[in-house]
Amino acid sequence: MKHILFISRGMAYGGSGRCISVFSGQLAKAGYQVSLLVLRDYASEYAIAPDINVIRTHFMTDKVKVGKIDVLCRWFPEIIKSMKRLSPDLVIPFGVDICLLAMIGNFYNKRICVTVRSDPAREPANRIFRMLRDFIYRRAPYIWVQNDQQKEWFRDFAQDQFVTVPNPIREEICKQSVVYSGKMHRFITLGRLSKQKNQALLINAFGKISKKHKYVTLDIYGEGELRKELEEQIKRIGCEKSIFLRGRTENVIEALEAADAFILSSNHEGMPNALMEAMALGLPCISTDCNTGPRDLVTDKENGRLVPCNDVERLYEAIESFILYPDVAVQYGKRARQDICQRYQEQRICSRFRAEVEKMCAGEEG
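Overview of the structure. (Residues numbered from 1 in each chain as written. Predicted model: local features only at pLDDT ≥ 70, side-chain atom pairs only at ≥ 80, totals over all residues. Heavy atoms only, no water.)

**So, the overall build of the protein**
Scanning the protein for helices and strands turns up 14 helices and 13 strands. For 366 residues, the compact-globule estimate of 2.2 N^0.38 gives 21 Å, and the C-alpha radius of gyration of the protein, at 21 Å, lies within 12% of that figure. For the protein, the C-alpha atoms occupy an extent of roughly 65 × 40 × 40 Å along the three principal directions. Counting over 366 residues, the protein shows a buried share of 55%. Sequence-distant contacts, at least 24 apart, represent 69% of the contacts inside the protein between residues at least 6 apart. With an accessible surface of roughly 16100 Å², the protein has 48% of that area assigned to carbon and sulfur atoms. The averaged location of the 45 negative side-chain charges in the protein is 2 Å from the averaged location of its 54 positive side-chain charges. (Helix = DSSP H or I, 4+ residues; strand = E, 2+ residues; numbered from the N terminus. Rg over C-alpha atoms; globule rule 2.2 N^0.38 Å. Buried < 20%, exposed > 50% of the residue type's maximum accessible area, 1.4 Å probe, protein only. Contact = heavy atoms within 4.5 Å. Areas by Shrake-Rupley, 256 points an atom, 1.4 Å probe, with all protein chains shown as cover. Lys, Arg positive; Asp, Glu negative; His and termini not counted. Charge placed at Lys NZ, Arg CZ, Asp CG, Glu CD.)

Here you go:
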């Protein structure tokens with residue numbers, strides 16, 4: 001029985017937590033021995049399958065800040081200790097910092113599959129850190145990317161290092177669908193309140209919408225370091241009655257189902273789960289055409305709308321086109337649902353992942 005060790009900073013709601021939850025659970029279900037090292041605790045987490053061996057360090061988020069030297073000094077020995085004690089056939093760390101620590105601490109010559117979860121040209125933000133990542137990733141046995149756009153950044157690497165597996169769509173999402181109201185009155189976005197997600201762009205575009213379409217609202221779900229700044233922006237443009245910061249939600253599907261359309265305004269992504277889930281539900285979607293992710297999912301004016309990054313006017317025009325022509329938007333949503341649920345169906349993607357895991361455990365090329 002092959003033993004797979006996942007390492008994560010935490011299982012909090014977000015792309016990495018969801019993927020670890022799905023892939024680790026499917027591997028355990030298929031008969032693999034699966035362990036999960038969780039370096040931090042969060043109040044809200046994705047479910048972990050009961051037959052997975054979970055090792056928690058209990059480094060609490062309210063006491064420890066990510067990136068601090070004392071944190072890394074505690075993470076590093078925990079990672080080394082787990083790799084030695086568990087002696088897995090394959091180690092899969094999530095997060096650039098965790099991947100680097102695992103590679104640097106690989107004194108026992110374990111097979112490691114480092115992961116790329118965002119646009120490698122933009123994250124890490126620090127150029128020196130990106131150079132360090134590339135230097136160390138070049139020496140990794142395997143590199144898991146979500147799409148070919150991410151792989152392109154590493155084009156001078158050995159191509160047999162790469163394992164390309166996209167995010168899956170959970171089965172329960174494809175079994176549900178939105179009920180179309182016939183109008184485009186309530187828009188929604190989900191994501192951490194950050195510069196990357198660029199809710200500021202969306203708020204500016206919606207400020208223009210609100211002046212012309214006073215009945216249209218925008219719900220922004222998520223928390224982050226920019227909450228106060230975004231609150232002030234909403235007040236400054238006089239949109240307190242049309243734009244709402246809703247905070248985190250533990251029921252993403254319920255929030256999406258209550259909306260008429262979804263918008264992603266990010267500057268960069270990896271493979272945006274919120275966009276995928278909205279499309280899988282059949283919700284009409286607008287997304288910025290940022291590097292890595294959206295253009296793999298959205299074909300402009302076929303199953304949604306793609307607009308340039310940081311272009312308030314083009315985003316405003318796309319939103320207004322949904323409001324003025326809701327029947328066209330609904331057709332985008334229906335096509336998106338059919339496309340996403342077929343291409344990224346959970347069992348299909350997980351089977352593909354298991355096949356890659358078998359190759360990696362055997363030491364075969366990716």
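Back to the text.
**Describing the state of the cysteines**
Inspection of the entire model under this criterion finds 1 disulfide. Between Cys-309, a free cysteine, and Cys-290, which holds the nearest cysteine sulfur, the sulfur-to-sulfur gap is 5.0 Å. A relative accessible area of 27% places Cys-309 in the partly exposed class. (Disulfide = S-S within 2.5 Å.)

**Here we look at the packing of helix H10 (residues 273-280) against helix H13 (residues 326-343)**
Between H10 and H13, whose axes approach to 7 Å, the crossing angle comes to 110°. When the interaxial angle is binned, H10 and H13 end up roughly perpendicular. Contacts from Met-276, Met-279 and Ala-280 of H10 reach H13 at Gly-333, Ala-336, Arg-337, Ile-340 and Cys-341. Looking at side-chain class alone, the contact of H10 with H13 contains 6 nonpolar, 1 polar and 1 charged residues. (Axes fitted to C-alpha atoms, helices over the stretch in contact; angles between N-to-C directions. Parallel < 35°, antiparallel > 145°, perpendicular 65-115°, else oblique. Nonpolar A, V, L, I, M, F, W, Y, C, P; charged D, E, K, R; others polar.)

**Comments concerning the sheet that holds strand E11 (residues 261-264)**
The 6 strands lie next to each other as E10-E9-E8-E11-E12-E13, forming an open sheet whose pairing is parallel. Edge positions in the sheet fall to strand E10 (243-247) and strand E13 (305-307), since each has one partner strand and no second. Across the sheet, the axes of successive neighbouring strands diverge by a mean angle of 20°, strand direction being ignored. (Pairing = 2+ DSSP bridges.)

**Examining the pairing of strand E6 (residues 142-145)**
Burial of the side chains of E6 extends over both faces: Tyr-142 and Trp-144 are buried on one face and Ile-143 and Val-145 on the other. Strand direction decides the pairing type here: strand E5 (residues 113-115) and E6, joined by 3 bridges, are parallel. Pairing of Thr-115 across the sheet is with Trp-144, part of E6. Traced from E5 through helix H4 (residues 127-137) to E6, the parallel crossover comes out right-handed. Of the crossover connections in this fold, the one passing from E6 over helix H5 (residues 148-153) to the parallel strand E7 (residues 162-164) is right-handed. (Right-handed = clockwise from strand over helix to strand, strands pointing away.)

**Some thoughts on unusual backbone geometry**
Generally, phi is negative for residues other than glycine and the peptide bonds are trans, each holding for most cases. The omega angle of the peptide bond from Glu-123 to Pro-124 is 0°, so this bond is cis rather than trans. Inspection of the secondary structure puts Pro-124 in the loop between E5 and H4. Not every positive phi belongs to a glycine, and Thr-292 is a case in point at roughly 60°. Tracing the chain through its elements places Thr-292 in the loop between strand E12 (285-288) and helix H11 (294-297).

**Some remarks on the sheet that holds E6**
Reading across from one edge, E5-E6-E7 is the order of the 3 strands in this open sheet, with parallel pairing throughout. Single-partner strands in this sheet number two, and they are E5 and E7. Within this sheet the neighbouring strands show an average axis-to-axis angle of 30°, counted without direction.

**Topic: a nonpolar patch on the surface**
Judged by side-chain polarity, Phe-129, Leu-132 and Phe-135 come together as a nonpolar surface patch covering roughly 270 Å² of accessible area. By the element assignment, Phe-129 lies in helix H4. (Patch = residues over 30% accessible without salt bridge, like charges linked within 9 Å, V, L, I, M, F, W, Y side chains within 5 Å. Salt bridge = Lys/Arg side-chain N within 4 Å of Asp/Glu carboxyl O.)

**Concerning the packing of aromatic side chains**
In the structure shown here, the tally under the stated rule is 11 aromatic pairs. With a centroid separation of 6.4 Å and an interplanar angle of 40°, the aromatic rings of Phe-6 and Phe-94 are classed as tilted. Placement of the pair is Phe-6 in strand E1 (residues 3-8) and Phe-94 in the loop between strand E4 (90-93) and helix H3 (96-104), with a sequence separation of 88 residues. Across the pair, exposure class does not vary: Phe-6 and Phe-94 are buried alike. The structure contains a cluster of three or more aromatic residues connected by ring pairs, namely Phe-6, Phe-23, Phe-94, Trp-144 and Phe-353. The ring of Phe-135 carries the charged tip of Arg-139 above its face, separated from the ring centre by 3.8 Å. A cation over a ring is seen here: Lys-208 above Tyr-316, with NZ or CZ 5.0 Å from the ring centre. (Phe/Tyr/Trp six-rings, centres within 6.5 Å; stacked < 30°, edge-to-face > 60°. Lys NZ or Arg CZ within 6 Å of the ring centre and 35° of its normal.)

**Examining helix H7 (residues 199-212)**
For H7, spanning 14 residues, the distance from its first C-alpha to its last is 20 Å, which sits close to the expected 20 Å at 1.5 Å a residue. Three or more residues of H7 are buried, namely Gln-199, Leu-201, Leu-202, Ile-203, Ala-205, Phe-206, Gly-207, Ile-209 and Ser-210. (Expected span 1.5 Å × (residues − 1).)

**Quick word on the environment of Ala-28**
Among the secondary structure elements, Ala-28 is positioned in helix H1 (residues 15-29). With relative accessibility at 10%, the residue Ala-28 sits in the buried group. Through-space distance from the C-alpha of Ala-28 to that of Ile-4 is 9.3 Å; in sequence the pair is 24 residues apart. Leaving out residues up to four positions away in the same chain, Ala-28 has contacts with Val-34, Asp-51 and Ile-52.

**Here's the deal with the side chain of Glu-277**
Here Glu-277 is to be found in helix H10. With relative accessibility at 5%, the residue Glu-277 sits in the buried group. If we skip the residues at most four places from it in the chain, Glu-277 touches Arg-18, Ile-169, Arg-170, Ile-173, Val-252, Ile-253 and Leu-256.

**Overview of the packing of H3 against H4**
Running from amino to carboxyl end, H3 crosses H4 at an angle of 45°, the nearest separation of the two axes being 10 Å. Between H3 and H4, the crossing angle belongs to the class labelled oblique. Every pair of crossing elements has a handedness; the one defined by H3 and H4 is left-handed. Residues Val-96, Asp-97, Cys-99, Leu-100, Met-103 and Ile-104 of H3 pack against Phe-129, Leu-132, Arg-133, Ile-136 and Tyr-137 of H4. (Left-handed = near helix turned anticlockwise from the far one by under 90°.)

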